[in-house]
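A closer look at the structure
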Amino acid sequence: MYAWIWRKLPGGGWSKLTMSLALVSVIGLLLWYVVFPWATPLLPFDDVQVEAGTGEDAGGTTVVPGDDELPYSTTSNQPQPSPSR
């Protein structure tokens, strides 16, 4: 197919290269601004479901960290440095 397009483009090598790059750009822009916006509502990317147990502790109360409290450990993956000799 690409060879057929290359043969059908008029001109020499440089003009064929320029026209083929312009053709690829036009097709890309057409996809980006026409086809993808049309297809976005048809795709399930915004259909997000959250499980019921997320964010709750064993007692059923919601766990909300305070403003100063980090919800993860800052030292578990980073061991204390050993003294150098």
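Everything quoted here is computed from the prediction, not taken from an experiment.

Conventions used here
Residues numbered from 1 in each chain as written. Predicted model: local features only at pLDDT ≥ 70, side-chain atom pairs only at ≥ 80, totals over all residues. Heavy atoms only, no water. Helix = DSSP H or I, 4+ residues; strand = E, 2+ residues; numbered from the N terminus. Buried < 20%, exposed > 50% of the residue type's maximum accessible area, 1.4 Å probe, protein only. UniProt positions renumbered as here; feature names shortened; annotations may be inferred. Patch = residues over 30% accessible without salt bridge, like charges linked within 9 Å, V, L, I, M, F, W, Y side chains within 5 Å. Areas by Shrake-Rupley, 256 points an atom, 1.4 Å probe, with all protein chains shown as cover. Salt bridge = Lys/Arg side-chain N within 4 Å of Asp/Glu carboxyl O. Contact = heavy atoms within 4.5 Å. Expected span 1.5 Å × (residues − 1). Bend = angle between axes of the 7 residues up to and from the residue.

Glancing now at the overall build of the chain. Helices and strands together make up the secondary structure of the chain, namely two helices and zero strands. Put simply, the chain has 85 residues, and 5% of those count as buried.

Now for the UniProt feature "transmembrane region" (unreviewed entry) in the chain. Per the UniProt record, the feature "transmembrane region" (unreviewed entry) sits at residues 21–39. Structurally, residues 21–39 is divided into 100% helix and 0% strand, and its ends, taken at the C-alpha atoms, are 25 Å apart.

Our focus in this paragraph is a nonpolar patch on the surface. A contiguous nonpolar surface patch, about 1,300 Å² in accessible area, is contributed by Leu23, Ile27, Leu29, Leu30, Leu31, Trp32, Tyr33, Val34, Val35, Phe36, Trp38 and Leu42. Structurally, Phe36 is set in helix H2 (residues 13–39).

Here Ser20 is to be found in helix H2. Filtering out sequence-adjacent residues up to four positions away, Ser20 remains in contact with Trp6 and Leu9.

Our next topic: the environment of Lys16. Considering the arrangement of structural elements, one finds Lys16 in helix H2. Taking the C-alpha atoms as reference points, Lys16 and Trp6, 10 residues apart in sequence, are found 6.9 Å from one another. The residues touching Lys16, leaving out its near neighbours within four places in the chain, are Trp6, Arg7, Leu9, Pro10 and Gly11.

For H2, with 27 residues, the first-to-last C-alpha span of 37 Å sits near the 39 Å given by 1.5 Å per residue. Along H2, the helix axis deviates most sharply at Leu31, where the bend reaches about 40 degrees. Within the span of H2, buried status applies to Lys16, Ser20 and Ala39. For H2, the secondary structure elements touched by its buried residues are helix H1 (2–8).

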